Amino acid sequence: MNMKNWGNKLLLILAMCISQQTSHTCGYDFSVMYYKFMENDNISDPLLIWFIDYQPEFGLGYSEKAKEPEDRNIEEWYQFLKGKVSKEDLIALIYSSTLTELEDVAKMRSQVNSPSIVQLWKNDSRLKKKMLTYLLYAKKCEEHALWNADYWAEYKEPDQGRLKRLMEEGIQEAKKATDPFFKERYAFQAIRMAYYKGDDSKVLEWHQTYFTSIKKWNHICYRALELKAGSLYRMKKAEAPYLYAKIFAECPERREVALTSFKISSQDEWKESYAYCTTPAEKIAFFAMRGLNANGNLNEEIKNMASIDLNHPMIEMLMSKYIQKLQSYAFPQDLEENFINYPRVEDRKALEETAITVASMLSNSQLKNKDYWRIAEIYLQMMLKNDKEVQLKSKKISESSEYKEKAKLLSFVSKICHLQNPSDEDIIQIWSQYLEDLSLFSNEDLKGFVEDIFSLWFLEKGDLARAMLMHNDMVVLRNYLNWDLILQLEKFINQAQDNDIDAYLISQRCAGREQAKQMLLELKGVYFLQRNQLDKAIAEFRKMDLRYQRTSVYFNNSYLNKSIWTESVRNPYFDTAIENQNHNALYKIYPFLNKRYDLISYAEQLKNLEALTVKDQQKADQYFYLLGLAWYNTGIQGWNRPALYFSKDNSGHSKWFSYITKDPKIEKNFKHLYWQYETYYNPDIAANYVKKGLQVTRNKELRAKLLFLWAKIEKSRVPVYNYEDEKYSPAYYESFETLKNESKDTEYYKEILNECYDFWRYVYPK
Amino acid sequence: MKIKWKNILVGTAFFLLSQSCSDVNNEVSFYHWKSQWSVENSQESILNKYKVEKIYLRIFDVDVDEKTALVQPQSVVKIDSFPNTLREIIPVVFISNRSILGRTAEEIRQLTQKIQSKIEEQIRQIRETNKVQCIQFDCDWSEESRSAYFQMLRQFKEKLKAIQVNRISVTLRLHQVKYSEQTGVPPADEAVLMFYNTGDLTNVETENSILDIETAQKYVKGFSNYPIRFDLALALYSWTLQYRHGHIIQILPNAYEEVSSSKLYEKIADDRYKVRKSHYIKGQYVYKGDLLKIEKVNKKQIKQVLEWMREHRREKDFTIIYYHLDPEVLAPYSKENLKHWN
């Protein structure tokens, strides 16, 4: 593949990417949409999946494969009650009940809405009293935990007196409680209130009293430990980060809190804090959390962690995060930035360093989940463009391995990324491979990427038809019509080969060969119509069979009947009632207008108007105006653009003079101005009719309308506002100037002044 | 060779002192962009040192909370009390574009009401010691959010009168002044042009993203046509950008002295250093091999901006508001430095 030509090819490909399909991409990182070939579901510990996409500002990532940590608080209540109640009922009672509802239950004014709990309490009134007393107290504490839940509410300092009373109440109850289950919970709530009150010494004292001698750590122990860590952090003690690391290592449901609270500000603090670690898992957590930070160097932290425990699942978590980043760098959907330009020199260096780390892991006989690391190695080799290595290493993953499909996917991606100047046979063979393997064909990310690559290959061979169809349905091509493309499409449709790729393009992009032939006639007609060659257009349209004429939504496009002749300064209203009113009004003014709405009728209507300008010269100005309106409105800036061009959402324009599309790919083409080279639009057709109208009209109102229409047409010469020179054509300013000087006493002038900011600003400059 | 930034800055300031100034207002104003205002810290001494009369005080941000997806006030400033030497305090509310993008008129009305209540709550505290007559809104609105933002400003203008706030100020970005026809002119009484953050900081090749003169130059021509009077906000801060393998990693504020003087960094070009050994700096971890790029605004650039203001701006006089009130940022400057740039 000639890399030097890639730039030019990409420009063309960009123009071809106007697809009516939805985006395939599911990856999202740092605002970049990218193709994601390595999902984050293949690490040993599914509880860690959330952290692969973790970003400090945005919190945890999302993955369908991620496993939610279980609610150990509810689990512990469930165990404590010996499974006599349902977990759903416990959740309703503990999390959903309000303080008032619980007070009503305590005062026997109502019952809890949890059948299994009602039954339990019926059988054990002492237990009911214990549970209700604790829950009432916990709900009072909860109010303080949630004091700033509504950020719009006025901030009120916590009520210190109330916090103190709750602290005392909790600790008294903890002292009294004989059951460790309630003792721990009362102590935790008391510590929590002390923490909110800012009483760090009490937090530490009570934690010491109630939690340090516990042998079997439970959920409440970790919650209490969090508060102790918070107090130590406020006291600037190095033990604080250590405690968060311990929570991160041992308590899945509190990992996110631990991670966001873990802060170290100096090397000394790191050393001091790290020295508290007593287990490898705690040490690993230190490096894992530093790696998950925005500035974490994942490769370095992987090495640090591997030196402690080669098989710790958190190492895989960081490795998957690393690959996720690579994907966002190397496979953004923006073709200008994609894999072709990757890796840059700096990226290569980073990749090589990480490849050494991975190789060193794999060389260690103690490594357990070897296939995960082999996949990582394959990915890195793919990024380094060592396809040979990728193919070799992919084959080494055994058929029985759960990573076999990943290996197959990466091997395929690598193969198509590295194939240079593929022969027709190669292309057909690779496509068949892609099509036949369901795991490849059903991968949505791969689909988008494959379309990009195959499209480039066809383009290199000068096969515009297949290149375009690889990305687009045939109907989309009305935006890119030139005679060469039409001939190529014709050739393709008539001579499509009996192979998988042609079969796919014919069936999926053209709805079958017969339909394709009809669509081609329609495209030819549109080609001539866009160029005001009406007889040729009508002739092509008439070649289409009647069944197709009746059923084609593009031939019978609804934008042909939507106020195409409107004089309104702003958008015509497209809702039915007003649209009908507009139509009725128009047909009263111009009773000769055709009321059939298809491309043949429209072309004939234009022909008829043209003829009327000669036959009925007294009204020639009106006919020229209508012709100008029609050509402007069906042009690229017009409200009825979808009549002659393809539009993804089929919408017109929402703003006067500014074209905004909802299709990001079209927008990109606007941005780069490729679009004007690819899409045929000749504003002179409309402008010439307007000029003829201006020459013959003696009607001041109509003259105002013609002048304003002329300005619109002139502005449509530039697809987007030109930020560089800020100039439109001289005719644009000329039309505004003439309008300003000659049409002041017309009604239409007042309407323009009222509705059009640009003209208003022209008349009343700052 | 080690660069003594402090010396350079002081030298710069000395040079600038010798220049005359005719059109820049004599007062020194600052933005305060931290989350806590307290007279107990060194802020009061700064106010005295620079004889500050006016402060633009960010009171809270309005943004979409990433976790709840709700528009919420964030980083609400905690106010202790203000010295009464301050002639005026202008509270500033930052509104993120995404907070208002795609909202209906009714949603905007409701949001305006919530912001209004929050402003009133904050103003009550400020007014215990100081006057508040003007509020500033800081929003980098887009064409899509323009209508919502302007609707909001009109509603504020109406509502804030009830609490004796008679002036609405807005911040402007360069493109909003240059392309006012496209971006619209906000319905405000006055404005402040934020003449900083003009370059692309993600690009390691960008000379100075705080004030990229080359980029900024393209925008200054539209100044004279802008219908609202605007003052000028200039950045005094410096920052150190951390890059790894050509990708931006993070911003390290106020780290230039440490970076330029410590042996932990190898100077590889002007204002560019390579980390020799992984370590913590300013509470952030940098790894061996990371590239640190120091960016700051120099006197030549400030002089250029002031020249542009004089050349292209309609009004003859204007005030400079410095970003931002921070002892570390301001350490190299005397009051005279900040008053006489030209």
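Refer to the structure presented above.
Computed from a prediction, not measured in an experiment: that's the story for all the values here. (Residues numbered from 1 in each chain as written. Chains lettered and ligands numbered in written order. Predicted model: local features only at pLDDT ≥ 70, side-chain atom pairs only at ≥ 80, totals over all residues. Heavy atoms only, no water.)

K.L.:
Even after reading the chapter, I still don't get the overall build of chain B, so can you show me in this structure?
P.N.:
Looking only at helices and strands, one finds twelve helices and 18 strands in chain B. The C-alpha atoms of chain B give a radius of gyration of 21 Å, which matches the 20 Å a tight globule of 342 residues would have. Its C-alpha atoms give chain B principal-axis dimensions of roughly 60 × 50 × 45 Å. Looking at chain B as a whole, 56% of its 342 residues are labelled buried. The contacts of chain B with a sequence gap of at least 6 include a subset with a gap of at least 24, amounting to 74%. Approximately 14,500 Å² of chain B is accessible, and the part contributed by carbon and sulfur atoms is 47%. (Helix = DSSP H or I, 4+ residues; strand = E, 2+ residues; numbered from the N terminus. Rg over C-alpha atoms; globule rule 2.2 N^0.38 Å. Buried < 20%, exposed > 50% of the residue type's maximum accessible area, 1.4 Å probe, protein only. Contact = heavy atoms within 4.5 Å. Areas by Shrake-Rupley, 256 points an atom, 1.4 Å probe, with all protein chains shown as cover.)

K.L.:
For this particular structure, what's the right way to read the overall build of chain A?
P.N.:
In terms of regular secondary structure, chain A is built from 39 helices and two strands. Going through the 766 residues of chain A one by one, you find that 56% of them count as buried. Summing over all exposed atoms, chain A offers an accessible surface of approximately 34,600 Å²; the carbon and sulfur share of this is 49%.

K.L.:
Could you clarify how one ought to interpret the sheet that holds strand β14 (residues 272-275) of chain B in this entry?
P.N.:
Two modes of strand pairing occur in sheets, parallel and antiparallel, and in both the strands are linked by backbone hydrogen bonds. Residues and elements named next belong to chain B. The strand order across the open sheet formed by five strands is β12-β11-β17-β14-β13, and the pairing between neighbours is antiparallel. In this open sheet, the two strands that pair with only one neighbour each are β12 (247-253) and β13 (265-269). Neighbour-to-neighbour, the strand axes of this sheet turn through a mean angle of 30°, independent of strand direction. Pairing of strand β11 (residues 238-244) with β12, which is carried by six bridges, proceeds in the antiparallel orientation. Each bridged residue has a counterpart across the sheet, and for Y243 the counterpart in β12 is I248. (Pairing = 2+ DSSP bridges. Axes fitted to C-alpha atoms, helices over the stretch in contact; angles between N-to-C directions.)

K.L.:
Is there a simple way to explain the interface of chain A and chain B in this structure?
P.N.:
Think of interface size as the accessible area that goes away when the parts come together; that is how it is often given. Taken together, the 37 residues of chain A in the interface contact 35 residues of chain B. Approximately 3,200 Å² of surface area, both sides summed, lies buried where chain A meets chain B, with 50% of it carried by carbon and sulfur atoms. Inspection of the chain A/chain B interface yields zero salt bridges. Across the contact surface, chain A and chain B share twelve residue pairs in polar contact (both at pLDDT 80 or more). Residues belonging to the side of chain A that touches chain B are distributed by class as follows: 15 nonpolar, eight polar and 14 charged. (Buried area = accessible area lost by both parts, 1.4 Å probe. Salt bridge = Lys/Arg side-chain N within 4 Å of Asp/Glu carboxyl O. Polar contact = N/O pair within 3.5 Å; in protein donor to acceptor, adjacent residues only side chain to side chain. Nonpolar A, V, L, I, M, F, W, Y, C, P; charged D, E, K, R; others polar.)

K.L.:
How should a nonpolar patch on the surface be read in this particular structure?
P.N.:
A cluster of nonpolar side chains, Y757(A), W760(A) and Y764(A), forms an exposed patch at the surface whose accessible area comes to about 290 Å². Its place among the elements puts Y757(A) in helix α39 (residues 757-763). (Patch = residues over 30% accessible without salt bridge, like charges linked within 9 Å, V, L, I, M, F, W, Y side chains within 5 Å.)

K.L.:
What am I meant to see in the side chain of R255(A) here?
P.N.:
Considering the arrangement of structural elements, one finds R255(A) in helix α12 (residues 255-261). Notably, R255(A) is buried but unbridged: the nearest opposite-charge side chain belongs to D45(A), and the N-O separation is 4.4 Å. (Lys, Arg positive; Asp, Glu negative; His and termini not counted.)

K.L.:
Before we go on, may I ask you to explain the environment of F182(A) in this structure?
P.N.:
Its location among the elements puts F182(A) in helix α8 (residues 180-197). For the pair F182(A) and D387(A), spaced 205 residues apart in the sequence, the C-alpha separation amounts to 62 Å.

K.L.:
Quick question: what am I supposed to make of the packing of aromatic side chains here?
P.N.:
Working definition: an aromatic ring pair is given by the centre-to-centre distance plus the angle between the planes. Residue and element names in this part refer to chain A. Using the criterion set out here, one finds 71 aromatic pairs over all chains in the structure. Judged by centre distance (6.2 Å) and plane angle (40°), the rings of W77 and Y134 are tilted. One end of the pair, W77, is in helix α2 (residues 72-80); the other, Y134, is in helix α6 (residues 125-145), and 57 residues separate them in sequence. With respect to class, W77 is no different from Y134; both count as buried. Over the ring of F181 we find R185, and its NZ or CZ is 3.9 Å from the ring centre. Geometry around W217 places K246 over its ring, the cationic atom sitting 5.0 Å from the centre. (Phe/Tyr/Trp six-rings, centres within 6.5 Å; stacked < 30°, edge-to-face > 60°. Lys NZ or Arg CZ within 6 Å of the ring centre and 35° of its normal.)

Limitation: the analysis is restricted to geometry and does not speak to function.
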